[in-house]
Amino acid sequence: MDFWETLTARMPRNLDYEMLYDWFYWDLPADYNIGLDICDRHAGDKGRLALIHDRGDGTAEKWTFFELKRASDRLANALRGLGVERGARVAILLRQSPELPIVHAATYKLGAVAVPLFALFGEEALRFRLEDSGAKVIVTDAGHHEVAATLRDELPDLEHVVLADGEESGAESLEGLIKGASSIFEPEKTAPEDPAIIIYTSGTTGSPKGALHGHGILPGHVPGVALPHDLAPRMGDLFWTPADWAWIGGLFDVLMPALHWGLPVVSSTMEGFDPEAAFDLMQRWGVRNVFFPPTVLRMMRGIEKPREQWELDLATIACGGEPLEEATFEWAREELGIVINEFYGQTECNLVLSNCNTIMPARAGSMGRAVPGHRVAVIDEEGNQLPPGERGEVAVERPDPVMMLGYWNNEDATEATFVGDWLKTGDLASVDEEGYFRFTGRDDDLIISAGYRIGPAEIEDTLTRHEDVLMAAAVGKPDGERGQVVKAFVVLQEGQKESENLVGELQDLVKDRLGKHEYPREVEFVKELPTTATGKIKRNVLREQEEGAKG
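Attention here is on the structure that accompanies the text. Only a predicted model underlies this, so the values are computations on that prediction, with no experimental measurement involved.

1. Thoughts on the overall build of the protein
When you go through the protein residue by residue, the secondary structure sums to 18 helices and 27 strands. Its C-alpha atoms give the protein a radius of gyration of 23 Å, near enough to 24 Å, the size a compact globule of 551 residues would have. Principal-axis analysis of the C-alpha atoms places the extent of the protein at approximately 70 × 60 × 55 Å. Looking at the protein residue by residue over its 551 residues, the buried ones come to 60%. In the protein, 68% of the contacts between residues at least 6 apart in sequence involve partners at least 24 apart.

Laid out in structure tokens, this is it:
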């Protein structure tokens, strides 16, 4: 039993938010390792279920915590044989699968640093992250072998490609590495503040930045995951999310905390999101706890009377990544019989605000209240805390176990994120007298689409690589399903003509180089772009134009 479970177990039955917030304090051990936490400490019961992997073809495989421990210990020995030492970076480019937590656990046990990568990333996005992190090994699947092998030949730090499925010339087999290594492994001793993972986040200017987190990121997430799941863990809980496990939302809002609690997680190979397939999956396995981004919930709203079509065991729905509108909140209450608990966080400092209908009324459109253990406020530009009702920037006070150690190899960007001891999120909000936060926008040009935070700079740079393009600007356009979609404004080179074929070429260029989640779903050709006196593109003018058109 961890500290959170101990605390909530000894609290009075008439538990309320204020009591829990006041009673809570951090009690992180001096020695702590994520890899040991997510499998080793539950492996004594050899039959304890950890993962159900639904292959999507009517078959599935199940893994126990004991099997995860044994496989990760073997892999840790094998990776050490490939030269992976304490502090080395291991890139993980895998979809939801049993192999993903095995690689994570092995990496942490070595004292190495995991670098999760989206399966949607294109070659340029992967190249930057692999080069910037200095990854020594990349573990991926056969579908990404070609690009991984190409990048290995180009990047001096990247020495090994390991394939989780199949075999290819010049690549190591993950299965072969695990089978050929000893199961006796002595893990490295690590502390909560020792580096464990680099998660890249898009910026509005320049290249993406890698948020470096310590091992304390997992226990730091426990209260923030417990609240939106109505004070989890509970007997019979079973977690699932369609979100990519490379995203902090899928990895640390679902997979890692559930394994920390010794609870099973469902993984799936679902390509894209199909609401009917999602309901099928939840019925098939008796899923109790889900994390859905609002975009997913909007798609599910299109299914009529789901409880008449599927026998569901759903108990909690946690929601985050973008604002949730009241219509979807009410739909879930009426059609699923569940009050959605919306929460808030970001890659640099995740899950610090949440609703929890068990101990306080969940409010539609609210990011929630401060999670126990975190001090969150709305501040002005000088770092002064603003009174209720005033609009300002959401900020989190350091130290905090879910807060990044800093941006990888970027001290200037790290320092710019703080004003005094407040980490600035860039998100604008107001807070009411009861402490509920309400999102009102961004203070920069970040695009939030289907929960993904997308920086315009990379998109614009990619578009201008096309020989016909002189200038480009990317902004978020309001969208009923995704919240926002990427829209590109393009100025062509003199003499070039706009066409539907060119639109397709530009969209494909972004898909191939950056990722399918970042391409502009709309391209508008313009004669000129609004700029400042120094020539900087005024994206806010274009964004306000699109918001005005939406009404």
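From this point on, the discussion continues.
2. Focus on the packing of aromatic side chains
Pairs of aromatic rings are described using the distance from one ring centre to the other and the angle between the two planes. Inspection of the entire model under this criterion finds 11 aromatic pairs. Judged by centre distance (5.8 Å) and plane angle (35 degrees), the ring pair of Tyr-17 and Tyr-21 falls under tilted. Of this pair, Tyr-17 and Tyr-21 both sit in helix α2 (residues 17-23), separated by 4 residues, roughly a single helical turn. What makes Tyr-17 buried here is its relative accessible area of 8%. Here Tyr-21 falls in the partly exposed class, since its relative accessible area comes to 27%. Relative to Tyr-200, the ring of Phe-128 has its centre 6.3 Å away and its plane inclined at 80 degrees; by these criteria the two rings are edge-to-face. A residue pair is termed long-range when its members are at least 10 positions apart, and Phe-128 in helix α6 (residues 123-133) and Tyr-200 in strand β8 (residues 195-201) qualify at 72 residues. For Phe-128, a relative accessible area of 22% gives the class partly exposed. Judged by its relative accessible area of 10%, Tyr-200 is buried. Taken together, the aromatic side chains of Phe-118, Phe-121, Trp-247, Phe-291, Phe-343 and Tyr-452 make up a single cluster linked through ring pairs.

3. Re unusual backbone geometry
The omega torsion across Ala-232 and Pro-233 is 5 degrees, close enough to zero to call that bond cis. Along the polypeptide, Pro-233 turns up in the loop between α9 (217-226) and β10 (239-240). Following Arg-398, the chain continues into Pro-399 via a peptide bond in cis, with omega recorded as 0 degrees. Looking at where Pro-399 falls in the secondary structure, it is placed in the loop between β18 (392-397) and β19 (406-407). Backbone geometry at Asn-409 places phi at a positive 55 degrees, although glycine is not the residue there. Among the secondary structure elements, Asn-409 is positioned in the loop between β19 and α15 (411-416). On the basis of relative accessibility, which here comes to 64%, the residue Asn-409 falls in the exposed class.

4. Structural notes on helix α4 (residues 65-81)
With 17 residues, α4 extends 24 Å between its outermost C-alpha atoms, agreeing within 8% with the 24 Å of an ideal straight helix rising 1.5 Å per residue. All of the buried residues in α4 are Phe-65, Leu-68, Ala-71, Ser-72, Asp-73, Leu-75, Ala-76, Ala-78 and Leu-79. Positive phi appears at Gly-83, one or two residues downstream of α4, with a value of about 100 degrees.

Conventions and cut-offs
- Residues numbered from 1 in each chain as written.
- Predicted model: local features only at pLDDT ≥ 70, side-chain atom pairs only at ≥ 80, totals over all residues.
- Heavy atoms only, no water.
- Helix = DSSP H or I, 4+ residues; strand = E, 2+ residues; numbered from the N terminus.
- Rg over C-alpha atoms; globule rule 2.2 N^0.38 Å.
- Buried < 20%, exposed > 50% of the residue type's maximum accessible area, 1.4 Å probe, protein only.
- Contact = heavy atoms within 4.5 Å.
- Phe/Tyr/Trp six-rings, centres within 6.5 Å; stacked < 30°, edge-to-face > 60°.
- Expected span 1.5 Å × (residues − 1).

Remember that the coordinates give geometry; whether it matters functionally is a separate question.
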